[in-house]
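Breakdown of the fold
These are the residues of each chain, in order.
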Amino acid sequence: MTLTERFLKYVSFDTQSDETTGVTPSTTKQMVFAEFLKSELEALGLEDITLDQHAYLFATLPSNTEREVPTIGFIAHMDTSPDMSGKDVKPRIVQNYDGSDITLCAEENIVLSPSRFPELTSHKGEDLIVTDGKTLLGADDKAGIAEIVTAIAYLKEHPEIEHGKIRIGFNPDEEIGKGAHKFDVEKFGCEWAYTMDGGEVGELEFENFNAASAKVTVKGRNVHPGYAKGKMINSMLVANRFIGALPYQETPEQTSGYEGFFHLIGIQGDVESTTISYIIRDHDRTKFENRKRQLEQLATQLNKEYGEEIVTVEVKDQYYNMREQIEPVMHVIDIAFDAMKAVGVEPSVKPIRGGTDGAQLSFKGLPCPNIFAGGLNFHGRYEFVPIQSMEKAMKVIVKIAEMVAARTK
């Protein structure tokens, strides 16, 4: 089976995760896909294949050298984003893309255009896999899974390429921030690993946001509006003041690079009670802690003004910047960097403006930077992946395995 055939098969599985269920995997359809992958890995002749009740699938490609070589791993997630349906995906290959608009769905006038998505122009002459405009594609992260499985199959077919023991891991629920929660690092048994979950060709990432969620609850007091003076507290208006007190220039739509933000993601309320939800992000740990304190200080200020505790803030840390875990073992970055160069890919080291399973895994003792998988415009109908980008990612995996073994000679 070719890399493209494998990817097209994988996206036929609906694997959306769901943050509301409170179980792992968050949806049973992820387990269906995991069981299919398990059968495929068995057919490839891999060893130590395990699939637990939480849909964590591990397998081993044994070493083919007698030398002592570090055990490394490659990881990708099985779920797709809850942001858009991943059911009945109908992919189409646009061969030798000519740089013009791509009509995804004529009847609904859904068009993938370089005027709106200029990254398309970087892939003229390549073969693009696109959607029909009604679902996401699922390259995040089924491209990563396809690349890993294809690379492992290639290594089995080419025993002349020396490599050490390689572990692969496929996990559920990355898109809802829980992909690493039940990942058994000790059982996985690697010195380090790479998630194949980045975007554009060349991306190599070992810095990500520090992340937290915040739930702000405002208690109001409802009184007949005709007699409300000095008595009513409209929780929605207080919540509005809270929102307006945070700097607008520190929102996702106003920031880039290493700049952090407060992101308002939900409002629910009436006069009596309003809840507002935020996610907090910053690469700098000190600034991250200051952002959390800023919310608490704002609540204190409003409570003092009203003379009672009507605003409460509940903050929960989600993950931290993996850089502090990667810096002591920078050889894992050097190897990935050199492997990309060796297969003709120009590395682009950049911070992740988001999170990755690798961040949580790094803090669990498994250094785990992130490598490109090739897809673009994740989580929506305009998602696409160039076949050539997936092929380059697959070659990087093979070359990393080869170079790790070569370093021990």
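A short tour of the structure in this document, coming up. (Residues numbered from 1 in each chain as written. Predicted model: local features only at pLDDT ≥ 70, side-chain atom pairs only at ≥ 80, totals over all residues. Heavy atoms only, no water.)

**A look at the overall build of the chain**
Secondary structure assignment for the chain yields 10 helices and 17 strands. C-alpha atoms of the chain, sized along the principal axes, occupy 85 × 50 × 40 Å. Residues classed as buried in the chain amount to 53% of the 409 residues present. Of the contacts made within the chain by residues no fewer than 6 positions apart, 78% connect residues no fewer than 24 positions apart. Entry remark: accessible area of the chain is about 18,000 Å², with carbon and sulfur atoms responsible for 47%. Computed over 43 positive and 63 negative side-chain charges, the inter-centroid distance for the chain is 4 Å. (Helix = DSSP H or I, 4+ residues; strand = E, 2+ residues; numbered from the N terminus. Buried < 20%, exposed > 50% of the residue type's maximum accessible area, 1.4 Å probe, protein only. Contact = heavy atoms within 4.5 Å. Areas by Shrake-Rupley, 256 points an atom, 1.4 Å probe, with all protein chains shown as cover. Lys, Arg positive; Asp, Glu negative; His and termini not counted. Charge placed at Lys NZ, Arg CZ, Asp CG, Glu CD.)

**Thoughts on the environment of Glu 253**
Here Glu 253 shows up in the loop between α5 (235-245) and β12 (261-269). Taking the C-alpha atoms as reference points, Glu 253 and Glu 175, 78 residues apart in sequence, are found 21 Å from one another.

**Thoughts on the pattern of salt bridges**
Scanning the entire structure with this criterion turns up 20 salt bridges. The residue Lys 38 makes a salt bridge to Glu 42 at a minimum N-O spacing of 2.7 Å. Placement of both Lys 38 and Glu 42 in helix α2 (residues 28-43) is noted, with a separation of four residues, approximately one turn of the helix. The closest approach of N and O atoms between Lys 134 and Glu 107, which form a salt bridge, is 3.6 Å. Within this pair, whereas Lys 134 is found in the loop between β7 (128-130) and α3 (139-157), its partner Glu 107 is found in the loop between β5 (102-105) and β6 (110-112), the two being separated by 27 residues in sequence. Judged by relative accessible area, Lys 134 falls into the partly exposed class, the value being 41%. Residues joined by salt bridges that share partners form a network here, namely Arg 285, Glu 289, Lys 292, Asp 317 and Glu 324. (Salt bridge = Lys/Arg side-chain N within 4 Å of Asp/Glu carboxyl O.)

**So, the sheet that holds strand β4 (residues 92-94)**
Taken in spatial order, the three strands of this open sheet run β4-β7-β17, and their pairing is antiparallel. Every interior strand has two partners, whereas the edge strands, β4 and β17 (384-386), have only one. For this sheet, the mean inter-axis angle between neighbouring strands, taken without regard to orientation, is 25°. For β4 and β7, the ladder comprises three bridges, and the chain directions are antiparallel. The residue bridging Arg 92 from the neighbouring strand is Val 130, located in β7. On top of the sheet, helix α10 (residues 387-406) reaches β4, β7 and β17; it is set at about 65° to β17, its chief contact. (Pairing = 2+ DSSP bridges. Axes fitted to C-alpha atoms, helices over the stretch in contact; angles between N-to-C directions.)

**Details of unusual backbone geometry**
Here the amide bond leading from Thr 24 into Pro 25 is cis, since omega sits at 0°, within 30 degrees of zero. Secondary-structure assignment places Pro 25 in the loop between α1 (3-10) and α2. Here the bond from Asp 140 into Asp 141 is cis, since omega is 15°, no more than 30 degrees from zero. Residue placement: Asp 141 occurs in helix α3. Non-glycine residue His 379 carries a positive phi angle of around 75°. Take His 379: it is sitting in the loop between β16 (370-372) and β17. Taking relative accessible area as the criterion, His 379 reaches 28% and is therefore assigned partly exposed.

**As for α2**
The end-to-end C-alpha distance of α2 is 23 Å, a good match for the 22 Å that 16 residues give at a rise of 1.5 Å each. Every buried residue of α2 is listed here: Gln 30, Met 31, Phe 33, Ala 34, Leu 37, Glu 40 and Leu 41. Each element contacted by the buried residues of α2 is listed here: α1, β1 (47-51), β2 (57-61), α3 and β8 (166-171). Of the residues flanking the end of α2, it is Gly 45, one or two places downstream, whose phi is positive at about 85°. (Expected span 1.5 Å × (residues − 1).)

**Concerning the nonpolar core**
If you look at the biggest cluster of nonpolar residues, it comprises 68 residues, and the most contacted ones within it are Phe 7, Phe 170, Ile 371 and Ile 400. Per-element tally for this core: the top contributor is α10, with 11 residues. Membership of the second largest hydrophobic core comes to 20 residues, among which are Ile 233, Ala 239, Phe 288 and Val 311. (Core = buried A, V, L, I, M, F, W, Y, C linked by side-chain atoms within 4.5 Å.)

**Examining α3**
Between its first and last C-alpha atoms α3 spans 25 Å; for 19 residues at 1.5 Å apiece the expected length is 27 Å, and the two agree. Buried residues dominate α3, accounting for 16 of its 19 residues.

**Some words on the packing of aromatic side chains**
As enumerated under the stated definition, the model contains 13 aromatic pairs in all. Aromatic side chains Tyr 10 and Phe 36 sit 6.4 Å apart centroid to centroid with 80° between the ring planes, which places their arrangement in the edge-to-face category. With a gap of 26 residues between them, Tyr 10 in helix α1 and Phe 36 in helix α2 connect regions that are remote in the sequence. Its relative accessible area of 0% is what places Tyr 10 among the buried residues. Note on Phe 36: relative accessible area 24%, which makes it partly exposed. Note on Tyr 320 and Phe 363: the rings are 5.7 Å apart at their centroids and 65° apart in plane angle, and the pair reads as edge-to-face. Taken together, the positions of Tyr 320 in the loop between β14 (311-319) and α7 (323-326) and Phe 363 in helix α9 (residues 357-363) put the pair 43 residues apart, joining distant regions of the chain. Relative accessible area serves as the criterion here: at 31%, Phe 363 is assigned to the partly exposed category. Feature note: the residues Tyr 10, Phe 13, Phe 33 and Phe 36 constitute an aromatic cluster, connected by ring pairs. In this arrangement the basic side chain of Arg 116 is found over the ring face of Tyr 382, its NZ or CZ atom lying 5.3 Å from the centre. One cation-aromatic arrangement involves Arg 285 over Tyr 320; the distance from NZ or CZ to the ring centre is 4.0 Å. (Phe/Tyr/Trp six-rings, centres within 6.5 Å; stacked < 30°, edge-to-face > 60°. Lys NZ or Arg CZ within 6 Å of the ring centre and 35° of its normal.)

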